[in-house]
Amino acid sequence: MGEDAGGGHEFVVVANRLPVDEVTGEDGQHRWERSPGGLVSALQPVVRQRGGAWVGWTGSAGEAPEPFDIDGMRLRPVPLSAEEVDQYYEGQSNATIWPLFHDLVEQPTHRRDWRRAYEAVNRRFARAAADAAAPDATVWVHDYQLLLVPAMLRELRPDVRIGFFLHIPFPPVELFMQLPRRRELLTGLLGADLVGFQGALAAQNFLRLTRLLAGLEPKDDRVEVDGRTVVARAFPISIDVAEVDQLTADPAVQERARQLRTELGGDRRLLLGVDRLDYTKGIEQRLEAYHDLLADGEISNDDVVLVQVATPSRQRITQYQQLRERVEREVGRTTGEFGDVGRAPVHYLFQSFGRAELVALYLAADVMLVTPLRDGMNLVAKEFVAARRDEQGALVLSEFTGAAAELDDAFLVNAHDTDDIKRGILEALNADPQDLAARMRHMREQVRAHDIDYWARDFLGVLGVPGAPPEAREAAAAKS
Ligand code: GDG
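Residues numbered from 1 in each chain as written. Predicted model: local features only at pLDDT ≥ 70, side-chain atom pairs only at ≥ 80, totals over all residues. Heavy atoms only, no water.

J.: Mind showing me how you'd approach unusual backbone geometry here?
T.: Trans peptide bonds make up the majority, and among non-glycine residues the majority have a negative phi. Phi is positive for Asp226, close to 45°, though the residue is something other than glycine. Structurally, the position occupied by Asp226 is in the loop between strand E10 (222-225) and strand E11 (228-234). With a relative accessible area of 75%, Asp226 lands in the exposed category. (Helix = DSSP H or I, 4+ residues; strand = E, 2+ residues; numbered from the N terminus. Buried < 20%, exposed > 50% of the residue type's maximum accessible area, 1.4 Å probe, protein only.)

This is the structure we're talking about:
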């Protein structure tokens, strides 16, 4: 694969964000750096391997830079005005669709001007993708910011093969029906040849909706639309296991893990949370459970410590600012009530860290807490498992993550129920080491056999892309 004579690419990824951030060094020079976030962690290796193009936004409002190359990928920036960032990105994408698709864990806002901006920006992305694609190319569109792109792109370029993958949950029919202009959104997705979801339930929700909203007749995992077949299936996303392996093998990372443990208080057991600061991640409920365990005397500040990394995210949206305030109040309450001088019960880090530091934290942890109220997959859970080649450490995992379907050897909890989170934490802390090792071994087998490469090959194989044989599923099934 690669570029054709006319500059078109045979493989094009379309996502809201390019996989880079612009940073200014101390010398005042601008440069591009890989950005954090699930989508980027997931896709960068796939595009790099195929020498493809990536269409997306740089993260800054205003004019877009010319296309440029990085890490074997051609990046083609799409411009967004400041108003479009407000309306399309922070508005319709993150204050309407995001909360609604996550089972209304926060109230969505519905605004006509946001919907208009969303449509205009989706059209711009579709045009940019049409410009980037070689004849008969494959275009892989990603996520909830671009639900209208598949149909728009098909209109412009009926020759290309279109895949769409949704990284977040697809809601039950009765929730989707609350969306204004719901039919257009559904029709947008139906422009794809293959619509991928994190789980089987999401694919079923989508297919049910085609019957209800578009009067179509879905059968098994497919539905006929205008003489074409649209396939809807689950492709649970995963992580770059090789990257995690490389970091865990690095003596500097191992040393850093030992140092973290010493600094946090020698023989105290380390509980760890790593999340974007997002209301879907259940950080408040987790902190409350931890507070209550200390208050009940079930655990003590002498024996246990919690490190909560909360990566800054969507900071201009009111609900995220309010969440930050509530989380920081809860951290303050717990520290105030149970802390000692020089020994805090919670280390709250509202910062973004490098990958090596994250992996050192995974290695240092005794119990990893992943307790979202709703999450499409959750890569942190899989990264933790992949990091634990020592087969130690316990994972407390919310049933409402996509990851729970694969990692059922975790300590599964109802993340909406603080008492159940407490139970899960106590079980994890008191588990027999042999039981923990057996659980970890099973979970590691699952993640290692289904890494990001498997996910991409599986999706692209079903989409029918050359070089991505459809037997990925069968081959991996035979391996395990
Ligand atoms: C969406 C869906 C789905 C976190 N803090 C830092 C950092 N991270 C990395 C983690 C992990 C990724 O970001 C987060 O991925 P998640 O899957 O946990 O969550 P979302 O960002 O909500 O992702 C989710 C995912 O898309 C993929 O489809 O699993 O359900 O919501 O890789 O390690 N990375 C660095 N510094 C940090 O401080 N470098």
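J.: Help me understand the domain arrangement of the protein chain, please; the structure alone is not making it clear to me.
T.: When the parts of a complex come together, some accessible area is lost, and that lost area is often taken as the interface size. Domain boundaries in the protein chain define domain 1 (9-237 + 453-479) and domain 2 (242-449). Listed per partner, the contact involves 25 residues of domain 1 and 22 residues of domain 2. For the pairing of domain 1 and domain 2, the buried interface totals around 1,900 Å² over both sides, and the portion due to carbon and sulfur atoms is 56%. Summed over the shared surface of domain 1 and domain 2, the result is 4 salt bridges. Of the charged contacts in the structure, one is a salt bridge between Arg374 and Asp103, with a shortest N-O distance of 3.0 Å. Of the residues forming the side of domain 1 that touches domain 2, the biggest block, 7 residues, is contributed by helix H2 (residues 82-101). Of the residues belonging to the side of domain 1 that touches domain 2, the class tally is 13 nonpolar, 7 polar and 5 charged. (Domains from an automatic or database assignment. Contact = heavy atoms within 4.5 Å. Buried area = accessible area lost by both parts, 1.4 Å probe. Salt bridge = Lys/Arg side-chain N within 4 Å of Asp/Glu carboxyl O. Nonpolar A, V, L, I, M, F, W, Y, C, P; charged D, E, K, R; others polar.)

J.: What is the right way to read the packing of helix H10 (residues 283-296) against helix H11 (residues 318-338) from this model?
T.: If you want to describe how two helices pack, look at the angle between their axes and the distance between the axes. Close contact between H10 and H11 brings their axes to 10 Å; oriented N to C, the two are set at 10°. As the angle between them shows, H10 and H11 are arranged roughly parallel. Note that H10 runs across H11; the crossing there is left-handed. Within the contact between the two elements, H10 uses Ile283, Glu284, Leu287, Glu288, Tyr290, His291, Leu294 and Ala295 and H11 uses Leu323, Arg326, Val327, Glu330, Val331, Arg333, Thr334, Glu337 and Phe338. Residues belonging to the contact of H10 with H11 are distributed by class as follows: 9 nonpolar, 2 polar and 6 charged. (Axes fitted to C-alpha atoms, helices over the stretch in contact; angles between N-to-C directions. Parallel < 35°, antiparallel > 145°, perpendicular 65-115°, else oblique. Left-handed = near helix turned anticlockwise from the far one by under 90°.)

J.: Teacher, can you tell me more about the pattern of salt bridges here?
T.: Side-chain pairs of opposite charge can arise where the charged atoms are in close proximity. One pass over the structure, following the stated rule, counts 38 salt bridges. A salt bridge links Glu33 to Arg31, with the shortest nitrogen-to-oxygen separation between them at 3.2 Å. Among the residues examined, Arg31 registers a relative accessible area of 44% and is labelled partly exposed. Here Arg448 and Asp245 are joined by a salt bridge, their closest N and O atoms 3.0 Å apart. On the criterion of sequence distance, the pair formed by Arg448 in helix H15 (residues 433-449) and Asp245 in helix H8 (residues 241-249) is long-range, its members being 203 residues apart.

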